[in-house]
Amino acid sequence: MSKIPATQARPLSPHLTIYKPPITMTMSIMHRITGGALYFGTLLVAWWLVAAATSESYFNFVDWIFGSWIGRLVLFGYTWVLMHHMMGGIRHFIWDAGFGLEKHTASKIAWATIVASVLLTLAIWIIGYMARGA
């Protein structure tokens, strides 16, 4: 057996520094992450419901937290996570029906998932603020 000289260049395996993940892979990863994040957001919704059922003072405390700038930022993020995961589910439903499996179509649907989730999140918050009169 011959030894390979240390100075000889060896082929590199694809890794994050040289491999650009396709949008479909990124959206698959994001779908899993948003699914996990929904557990946290659902705990927040349950906390709010428990506070509403407990006492007025406790509800006012939780409402104050959710109404703070950090609380609203978390709720905005939860809204986006919910919309993004829903759009990813619709994307998978389309694929399960046998449509959009071509590479270029799958990429377009993945980009549409991002755009739709952002637009839906903004629409929900704009309509919500308009309904409150704020």
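Refer to the preceding data block for the structure.
Residues numbered from 1 in each chain as written. Predicted model: local features only at pLDDT ≥ 70, side-chain atom pairs only at ≥ 80, totals over all residues. Heavy atoms only, no water.

Colleague: So what's going on with the overall build of the protein? Residues and values would help.
Modeller: Along the protein, the regular secondary structure elements total four helices and zero strands. Scanning the protein from its N terminus toward the C terminus, one meets helices and strands in the order α-α-α-α. Looking at the protein as a whole, 23% of its 134 residues are labelled buried. Long-range contacts, defined here as pairs at least 24 residues apart, represent 68% of the contacts in the protein between residues at least 6 apart. Element-wise, carbon and sulfur atoms account for 73% of the exposed surface of the protein, whose accessible area totals about 9900 Å². (Helix = DSSP H or I, 4+ residues; strand = E, 2+ residues; numbered from the N terminus. Buried < 20%, exposed > 50% of the residue type's maximum accessible area, 1.4 Å probe, protein only. Contact = heavy atoms within 4.5 Å. Areas by Shrake-Rupley, 256 points an atom, 1.4 Å probe, with all protein chains shown as cover.)

Colleague: Describe the environment of L44, naming the residues involved and giving the relevant values.
Modeller: Within the fold, L44 resides in helix 1 (residues 23-54). Note on L44: relative accessible area 13%, which makes it buried. When residues no more than four places from it in sequence are discounted, the contact partners of L44 are F66 and V74.

Colleague: Outline helix 4 (residues 103-132), listing residues and values.
Modeller: One turn of an α-helix holds 3.6 residues; hence residues three or four places apart share an orientation. When the terminal C-alpha atoms of helix 4 are compared, their 44 Å separation across 30 residues agrees well with the 44 Å that a helix rising 1.5 Å per residue should span. Regarding helix 4, the residues found buried are A106, I109, A110, T113, A116, S117, T121 and W125. Next to the buried residues of helix 4 lie helix 1 and helix 3 (69-96). (Expected span 1.5 Å × (residues − 1).)

Colleague: So what's going on with the side chain of S117? Which residues, and what values?
Modeller: Mapped onto the elements, S117 comes out in helix 4. Not counting chain neighbours up to four residues away, the residues in contact with S117 comprise W80, M83, H84 and M87.

Colleague: How would you summarise the packing of helix 3 against helix 4 if you had to cite specific residues and measurements?
Modeller: Contact geometry of helix 3 with helix 4 gives a least axis separation of 8 Å together with a crossing angle of 140°. Comparing the axis directions of helix 3 and helix 4 gives the class oblique. Classified by chirality, the crossing of helix 4 by helix 3 is right-handed. (Axes fitted to C-alpha atoms, helices over the stretch in contact; angles between N-to-C directions. Parallel < 35°, antiparallel > 145°, perpendicular 65-115°, else oblique. Left-handed = near helix turned anticlockwise from the far one by under 90°.)

Colleague: Explain helix 1 residue by residue, including any values.
Modeller: For helix 1, built from 32 residues, the straight-helix expectation of 46 Å at 1.5 Å per residue is met to within 8% by its first-to-last C-alpha distance of 45 Å. Three or more residues of helix 1 are buried, namely I23, M27, H31, T34, G35, L38, G41, L44 and A51. Contacts from the buried residues of helix 1 go to helix 2 (56-67), helix 3 and helix 4.

Colleague: I'd love a proper account of the packing of aromatic side chains, names of residues and values included.
Modeller: In the structure shown here, the tally under the stated rule is five aromatic pairs. Centre to centre, the rings of W47 and F66 are 5.6 Å apart; their planes meet at 90°, and the pair counts as edge-to-face. One end of the pair, W47, is in helix 1; the other, F66, is in helix 2, with 19 residues separating them in the sequence. Residue class for F66 comes out buried when judged on its relative accessible area of 11%. For the ring pair Y58 and F61, a centre distance of 6.3 Å and an interplane angle of 25° mean the geometry is stacked. Of this pair, Y58 and F61 both sit in helix 2, three residues apart, which is roughly one turn of that helix. (Phe/Tyr/Trp six-rings, centres within 6.5 Å; stacked < 30°, edge-to-face > 60°.)

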